[in-house]
Amino acid sequence: MSEDCKIKRWDLLKTQLHNVKAKEAIDLLAAHPGMMVIDCRQPKEYSMVRLPQAMNIDYLEVSFWEYVRKLPKEEPYLVYCNTCRRSTRVCTLMKNGGFEKVYNLDGGLKAWIEECGDGALLRGE
């Protein structure tokens, strides 16, 4: 990366997305009770701790896009991972794939825990 470059690639990608902080995500989920929540981490991470309504679609799985492209494009989605690097990629792919209402949990699960605590999160299988 050039020293002249002031914006990191991740920050540039994120500017093209609907990024929401944890408390905004709570409001978004309340406003859209049927909203799909996608945890794009690996299954081991997902089984350790996750948002209660989340479904696991592992970004690193070979069949990831085959599964995602079959989802309804008109529905709203909240996507998260640990820190929002993978979710930024997933949201970018979904946006480029024609999904209109995709929201990226800014800062990921770590930011959620910092902002809202971990009392509402599920643990274990």
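The structure we're discussing is the one just above.
Computed from a prediction, not measured in an experiment: that's the story for all the values here.

### Some words on the sheet that holds strand β4 (residues 76-80)
In spatial order, the strands read β1-β5-β4-β2-β3; together these 5 strands make up an open sheet with parallel pairing. The sheet is open, and its two borders are formed by β1 (18-20) and β3 (54-56), each paired with just one other strand. If you compare each strand with its neighbour and ignore which way they point, the axes differ by 35° on average. Note: β1 against strand β5 (residues 101-105), 3 bridges, orientation parallel. Considered in β5, the bridge of His18 is made with Tyr103.

### Some details on unusual backbone geometry
Residue Cys84 is not a glycine yet carries a positive backbone phi of 95°. Its place among the elements puts Cys84 in the loop between β4 and α5 (85-96). The exposure class of Cys84 is buried, given its relative accessible area of 7%.

### Looking at the packing of aromatic side chains
Scanning the entire structure with this criterion turns up 2 aromatic pairs. Summarising the aromatic geometry, the rings of Tyr59 and Phe64 are spaced 5.6 Å apart at their centres and angled 75° between planes, so their arrangement reads as edge-to-face. Judged by centre distance (5.6 Å) and plane angle (80°), the ring pair of Tyr77 and Phe99 falls under edge-to-face. Placement of the pair is Tyr77 in strand β4 and Phe99 in the loop between α5 and β5, with a sequence separation of 22 residues.

### Here we look at the side chain of Ser87
Positionally, Ser87 belongs in helix α5. In this structure the side chain of Ser87 is engaged in a polar contact, spanning 2.6 Å, whose partner is the side chain of Asn104. Excluding its chain neighbours within four sequence positions, the residues that come into contact with Ser87 are Cys40, Val79, Tyr80, Cys81, Asn104 and Leu105.

Scoring rules and cut-offs
Residues numbered from 1 in each chain as written. Predicted model: local features only at pLDDT ≥ 70, side-chain atom pairs only at ≥ 80, totals over all residues. Heavy atoms only, no water. Pairing = 2+ DSSP bridges. Helix = DSSP H or I, 4+ residues; strand = E, 2+ residues; numbered from the N terminus. Axes fitted to C-alpha atoms, helices over the stretch in contact; angles between N-to-C directions. Buried < 20%, exposed > 50% of the residue type's maximum accessible area, 1.4 Å probe, protein only. Phe/Tyr/Trp six-rings, centres within 6.5 Å; stacked < 30°, edge-to-face > 60°. Polar contact = N/O pair within 3.5 Å; in protein donor to acceptor, adjacent residues only side chain to side chain. Contact = heavy atoms within 4.5 Å.

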